[in-house]
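What follows is the residue order along each chain.
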Amino acid sequence: MKRILVTGGAGFIGSHLCEELLNRGNDVICLDNFFTGSKDSIRHLLDNNRFELVRHDVTKEYFIEVDEIYNLACPASPPHYQYNPIKTAKTSVLGVINMLGLAKRCKAKVLQASTSEVYGDPIVHPQKETYWGNVNPIGIRSCYDEGKRMAETLMFDYHRQNNVDIRVVRIFNTYGPNMDKNDGRVVSNFIVQALQNKDITIYGDGSQTRSFCYVSDLVAGMIKMMENEEGFNGPVNLGNPVETSILDFAKFIIELTNSKSKIVFLPLPSDDPTQRKPDITLAKEKLNWEPVVNVKDGLLKTIEYFKNVI
Ligand code: NAD
Ligand code: UDP
């Protein structure tokens with residue numbers, strides 16, 4: 001049994017990660033400031049005596065003795081991370097410095113939830129870990145993209161300079177139950193709109209692509225990365241390589257929900273990546289990991305979840 005700290009543990013991915021780590025017999029400390037996370041997503045874990053919930057902001061130091069740290073604290077949806085961009089940058093940069101300092105002091109392993117956004121609006125397609133990206137340093141997405149890039153830099157500098165045992169995963173668009181219905185991401189927006197027979201809002205012409213990974217697959221990959229004992233630090237892409245245009249995705253959601261919704265086209269936000277698809281060769285080789293949930297099954301489970309929350 002290990003004692004494991006999960007920052008951002010009350011968020012969408014964090015709540016699933018906490019549950020899985022508990023299922024595997026670990027002690028889990030969930031740290032969150034509830035900016036985008038909620039107690040509802042972890043309420044079912046509160047009775048477990050191996051689970052602790054701490055209200056804390058990761059930009060401030062935190063002292064505890066743990067074996068492993070999963071650093072997920074950071075808003076992930078564009079409207080949320082753009083709401084207070086300076087805070088987003090602080091959360092990524094100061095947050096990772098605090099977690100790396102903690103890892104250094106208690107000799108814990110630390111895994112950073114990085115993102116496909118480090119590739120920006122990628123010119124190389126699909127994206128491999130060796131691609132350095134095409135990121136606007138001064139745009140509306142930069143607080144998140146550059147914050148996460150700096151976090152990766154700090155991870156590798158603490159590793160080289162202080163021998164901290166680091167793991168970096170680059171997460172591609174992930175979806176599933178416990179997503180916040182108001183968080184503004186495409187999966188939650190389209191499903192909620194479709195279930196309410198409201199207009200489906202496509203930004204731009206819908207030709208931009210994304211590749212969607214079900215949350216249980218992602219969590220399995222994160223844990224495999226933390227547990228690999230071959231000195232593999234990453235970065236490694238974790239995502240589902242099945243690519244779809246946003247227009248086709250909207251049509252698919254309408255079909256799966258049997259909705260009467262119409263599609264409407266709204267302006268495309270600036271710097272919205274035109275294409276995104278992970279190359280997961282490295283994850284297959286190093287972690288023996290690949291997604292097992294197909295997009296239709298994952299979406300049906302997610303639709304059931306949203307039916308209950310709206
Ligand atoms: P989320 O917004 O649901 O969860 C983030 C959690 O972090 C929330 O519970 C929030 O309250 C907490 N948080 C934010 N700022 C904090 C702070 N300063 N101190 C403490 N807690 C703080 O997002 P998510 O989708 O669960 O994403 C989790 C992590 O995975 C993030 O780091 C995100 O960048 C990364 N990621 C997610 C995706 C995705 O598709 N969901 C893709 C790439 C990367
Ligand atoms: N998007 C959309 N309608 C919405 C929400 C998002 O067309 O209601 C688009 C968005 O412009 C982007 C894609 O869907 O091209 C994925 O958006 P999301 O915010 O989920 O994540 P991103 O991958 O852009 O960070």
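Residues numbered from 1 in each chain as written. Chains lettered and ligands numbered in written order. Predicted model: local features only at pLDDT ≥ 70, side-chain atom pairs only at ≥ 80, totals over all residues. Heavy atoms only, no water.

Q: Can you help me understand the overall build of the chain in this one?
A: Scanning the chain from N- to C-terminus turns up nine helices and 13 strands. For 310 residues, the compact-globule estimate of 2.2 N^0.38 gives 19 Å, and the C-alpha radius of gyration of the chain, at 19 Å, lies within 12% of that figure. Dimensions of the chain, computed from the C-alpha atoms along their principal axes, are close to 55 × 45 × 40 Å. Here the chain holds 310 residues, and the buried ones make up 55% of them. Look at the contacts in the chain between residues 6 or more apart in sequence, and 81% of them connect residues 24 or more apart. As displayed, the chain has an accessible area near 13800 Å², and 50% of this comes from carbon and sulfur atoms. Between the centroid of the 36 positive side chains of the chain and the centroid of its 38 negative side chains there is a distance of 2 Å. (Helix = DSSP H or I, 4+ residues; strand = E, 2+ residues; numbered from the N terminus. Rg over C-alpha atoms; globule rule 2.2 N^0.38 Å. Buried < 20%, exposed > 50% of the residue type's maximum accessible area, 1.4 Å probe, protein only. Contact = heavy atoms within 4.5 Å. Areas by Shrake-Rupley, 256 points an atom, 1.4 Å probe, with all protein chains shown as cover. Lys, Arg positive; Asp, Glu negative; His and termini not counted. Charge placed at Lys NZ, Arg CZ, Asp CG, Glu CD.)

Q: Looking at this structure, how should I read the packing of helix H1 (residues 12–23) against helix H6 (residues 215–227)?
A: Each packed pair of helices is defined by two parameters, the angle between the axes and the distance between the axes. Following both chains from N to C, one finds H1 and H6 inclined at 60°, their axes separated by 10 Å at the closest point. For the element pair H1 and H6, the recorded crossing hand is right-handed. Packed against H1, whose contacting residues are Phe12, Ile13, His16, Leu17, Glu20 and Leu21, the element H6 presents Val215, Leu218, Val219, Met222 and Ile223 at the interface. Split into classes, the residues belonging to the contact of H1 with H6 amount to nine nonpolar, one polar and one charged. (Axes fitted to C-alpha atoms, helices over the stretch in contact; angles between N-to-C directions. Left-handed = near helix turned anticlockwise from the far one by under 90°. Nonpolar A, V, L, I, M, F, W, Y, C, P; charged D, E, K, R; others polar.)

Q: I tried to follow the nonpolar core on my own but got confused; where do I start?
A: Side chains that are nonpolar tend, in soluble globular proteins, to be buried together. Leu17, Tyr70, Met222 and Leu299 are the most contacted members of the largest nonpolar core, which totals 59 residues. Among the elements that line this core, the one with the most residues is H6, at seven residues. Other than its neighbours up to four places away in sequence, Leu299 contacts Tyr175, Val187, Ile191, Phe249, Phe252, Ile253 and Leu256. Listed in part, the 26 residues of the second largest apolar core include Ile69, Ala73, Cys106 and Tyr158. (Core = buried A, V, L, I, M, F, W, Y, C linked by side-chain atoms within 4.5 Å.)

Q: Would you mind going over unusual backbone geometry with me for this structure?
A: What you tend to see is this: most non-glycine residues have negative phi, and most peptide bonds are trans. Of note, the amide linkage connecting His125 to Pro126 takes the cis form, showing an omega dihedral of -10°. Cis geometry marks the peptide bond from Gly234 to Pro235; its omega dihedral reads 0°. Take Pro235: it is sitting in the loop between H6 and strand E11 (236–238). The backbone of Asn258 sits at a positive phi, close to 55°, despite the residue not being glycine.

Q: Please clarify how the pairing of strand E2 (residues 27–32) should be interpreted in this entry.
A: The side chains of a regular strand alternate between both faces of the sheet. Across the six residues of E2, five count as buried, placing the element largely inside the fold. The parallel pair strand E1 (residues 3–7) and E2, bridged by H1, forms a crossover whose chirality is right-handed. Note: E2 against strand E3 (residues 51–55), five bridges, orientation parallel. Bridged to Leu31 within E3 is Val54. (Right-handed = clockwise from strand over helix to strand, strands pointing away. Pairing = 2+ DSSP bridges.)

Q: Got a minute to help me understand the site of ligand 2 in this structure?
A: Close contacts around ligand 2 come from 17 residues, with Val186, Thr201, Arg210, Asp272 and Arg276 the closest. With respect to ligand 2, the side chain of Arg141 contributes an N or O atom lying 2.9 Å from an oxygen atom. A distance of 2.5 Å is found between an oxygen atom of ligand 2 and a side-chain nitrogen or oxygen belonging to Asp272. Summarising the interface, the protein chains cover 95% of the accessible area of ligand 2, which totals 520 Å² for the free molecule. Of all the elements in the fold, those that place two or more residues in the shell around ligand 2 are helix H5 (186–195) and strand E8 (200–203). Of the residues contributing to the shell around ligand 2, the split by class is six nonpolar, five polar and six charged. (Near = heavy atom within 4 Å. Polar contact = N/O pair within 3.5 Å; in protein donor to acceptor, adjacent residues only side chain to side chain.)

Q: Just to check I follow, could you spell out the packing of aromatic side chains for this structure?
A: Aromatic rings considered in pairs are described by the distance between their centres and by the relative angle of their planes. Using the criterion set out here, one finds nine aromatic pairs in the structure. Taken together, a centroid distance of 4.3 Å and an interplanar angle of 5° make the contact between Tyr81 and Tyr144 stacked. Residue Tyr81 is located in helix H2 (residues 78–83), and its partner Tyr144 is located in helix H4 (residues 142–162); the two are separated by 63 residues in the primary sequence. Of the two residues examined, Tyr81 and Tyr144, each falls in the buried class. Considering the side-chain rings of Tyr119 and Tyr131, the 6.0 Å spacing of their centres and the 15° angle between planes classify their relative orientation as stacked. Residue Tyr119 is found in the loop between strand E5 (109–115) and H4, and its partner Tyr131 is found in the loop between E5 and H4; the two are separated by twelve residues along the sequence. One exposure class covers both Tyr119 and Tyr131, and it is buried. Put simply, the rings of Tyr175, Phe190, Phe212, Tyr214 and Phe249 pair up and form one aromatic cluster. (Phe/Tyr/Trp six-rings, centres within 6.5 Å; stacked < 30°, edge-to-face > 60°.)

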